[in-house]
Amino acid sequence: MDLAQVEGSLSAVGYGLAAIGPGIGVGLIFAAYIQSTARQPESARLTQPFLWIGFAVVEALALLGIAFGFVF
Amino acid sequence: MPSDGGEVVSGLAFVRAEEVPFPPSVHDFYPPSLVEGGGYWLTRFTLLVWVAVALLIVFFLLAYRDPKIVPDRKQWLAESVYGFVRDGVGREMIGPEGLRFAPYLATLFSFILLMNLFAIVPFIQVSPNSHIAFPAMLAVISWIMFMAVGVRRHGLVKYLKISLVPPAPWFVLPILIPIEFISTFLVRPFTLAVRLFANMFAGHMILLVFTLGGFALLNAEALFLKPISLLSWAMAIALTFLEAMVILLQAYVFVVLTASYVQGALAEEH
């Protein structure tokens, strides 16, 4: 007898777990950028490329999760 | 956008609510051939790539056919795109030498931007970049370019030494060299391609979920679920604006990362 039954793909749950890490990471990156810009507004232009590079590198993890969720 | 089995009303494709396939799947990314009996490769993605290339060539040729000191609108647009990439990416990331790479970077930026934009243009609403093949080719070009630039600048042996051997004590080198090799020569092109692909793929998927989900809710048996479909469609519209931001950002990130790889290949120090 089935007491409880869940249908669908477990990869949705897996992706939810996998998104925690990149979520925290992206939050830290933007927090650091905002903080550095608040302390030294003239450095905003200087640090912006690094902001996007760091954001892109961390975000890649979340996107790998999406892609692999469909692959496997 | 659902396109199969709809009634055609005044030129727009309407799909009856009962026929909407709800959970969108990977199969939505494999449309049939455009021409009946034509090659399987002749899908709307192929057509969109041709259209993007043609649009860019025609636009930049027209904009610069007769350049003036006081630019007209076309020239202004072309110059601001080129100027943005040359100064904001080329010069800022690579340095004075970056001006040599500005034409390639600007072409790359406008091509990716235009291809991505197809994802939110009404009645197209899917970007060729949501197939891994197209970003993969772009990533391979960037990959070959930064390696070629490094080898031409330093020679093969010195380039490998610069990029693979970090200044570290000798006993950690057996671990560090493979890691550096993997991260520089294998992970870079892979992430470059997958980042662009996954962003466009996920964006299209999210829009499909909310648009088709609206129909699924409208079609639900429980009466109180029907009005929620309006909320779902409102979310689809809001997410289209988010998608617009992602489109710009990903085109920019691809170009910035390419520029930073080139800069790394040109640098003297590790």
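Refer to the preceding data block for the structure.
None of the values given here were measured: they were computed from a predicted structure.

Caption draft 1: Main features of the overall build of chain A. Tallying secondary structure elements over chain A gives three helices and zero strands in all. Shown N-terminal to C-terminal, the secondary structure of chain A runs as helices and strands in the order α-α-α. Taking 72 residues into account, the globule formula puts the C-alpha radius of gyration at 11 Å, and chain A, at 18 Å, lies well above it. The principal-axis extent of the C-alpha atoms belonging to chain A is close to 65 × 25 × 10 Å. Counting every position in chain A, which comprises 72 residues, the buried fraction comes to 11%.

Caption draft 2: Expanded view of the environment of L242(B). When you line up the elements, L242(B) lands in helix α7 (residues 228–266). The spatial distance from the C-alpha of L242(B) to the C-alpha of G203(B) is 9.0 Å, given a sequence separation of 39 residues.

Caption draft 3: Main features of the interface of chain A and chain B. Contacts between the two partners involve 10 residues from chain A, matched on the other side by 14 residues from chain B. Looking at the side of chain A that touches chain B residue by residue, the classes come out as 10 nonpolar, no polar and no charged.

Caption draft 4: The environment of A102(B), seen in detail. Residues and elements named next belong to chain B. Topologically, A102 is positioned in helix α3 (residues 102–117). With 86 residues separating them in the primary sequence, A102 and R188 have C-alpha atoms 21 Å apart. Ignoring anything within four residues of it in the chain, the contact list for A102 reads V85, R86 and G90.

Caption draft 5: Helix α4 (residues 133–154) of chain B, seen in detail. All names here are of chain B. Along its 22 residues, α4 runs 32 Å from first to last C-alpha, staying within 8% of the 32 Å computed at 1.5 Å per residue. Every buried residue of α4 is accounted for by F134, P135, L138, A139, S142, F146, M147, V149 and G150. Looking at the buried positions of α4, the neighbouring elements they touch are α1 (44–63), α3, α5 (156–164), α6 (173–218) and α7. Downstream of α4 by a residue or two, G155 has a phi angle that is positive, lying close to 85°.

Caption draft 6: A look at the environment of D28(B). Within the secondary structure layout, D28(B) lies in the loop between β2 (12–14) and α1. Sequence-wise, D28(B) and H204(B) are 176 residues apart; in three dimensions their C-alpha atoms are separated by 9.8 Å.

Caption draft 7: Spatial organisation of the nonpolar core. All names here are of chain B. Counting 55 residues, the largest nonpolar core has L105, I112, F254, V255 and A259 as the members making the most contacts within it. The element that contributes the greatest number of residues to this core is α7, accounting for 12 residues. With residues near it in sequence (within four places) discarded, I112 still touches L138, L196, A251 and F254. In terms of nonpolar packing, the next biggest core, distinct from the first, is built from five residues, L207, L208, F210 and F215 among them.

Calculation rules
Residues numbered from 1 in each chain as written. Chains lettered and ligands numbered in written order. Predicted model: local features only at pLDDT ≥ 70, side-chain atom pairs only at ≥ 80, totals over all residues. Helix = DSSP H or I, 4+ residues; strand = E, 2+ residues; numbered from the N terminus. Rg over C-alpha atoms; globule rule 2.2 N^0.38 Å. Buried ≥ 20, exposed ≤ 12 C-beta atoms within 10 Å, placed from the backbone. Contact = placed C-beta atoms within 7 Å. Nonpolar A, V, L, I, M, F, W, Y, C, P; charged D, E, K, R; others polar. Expected span 1.5 Å × (residues − 1). Core = buried A, V, L, I, M, F, W, Y, C linked by C-beta atoms within 7 Å.

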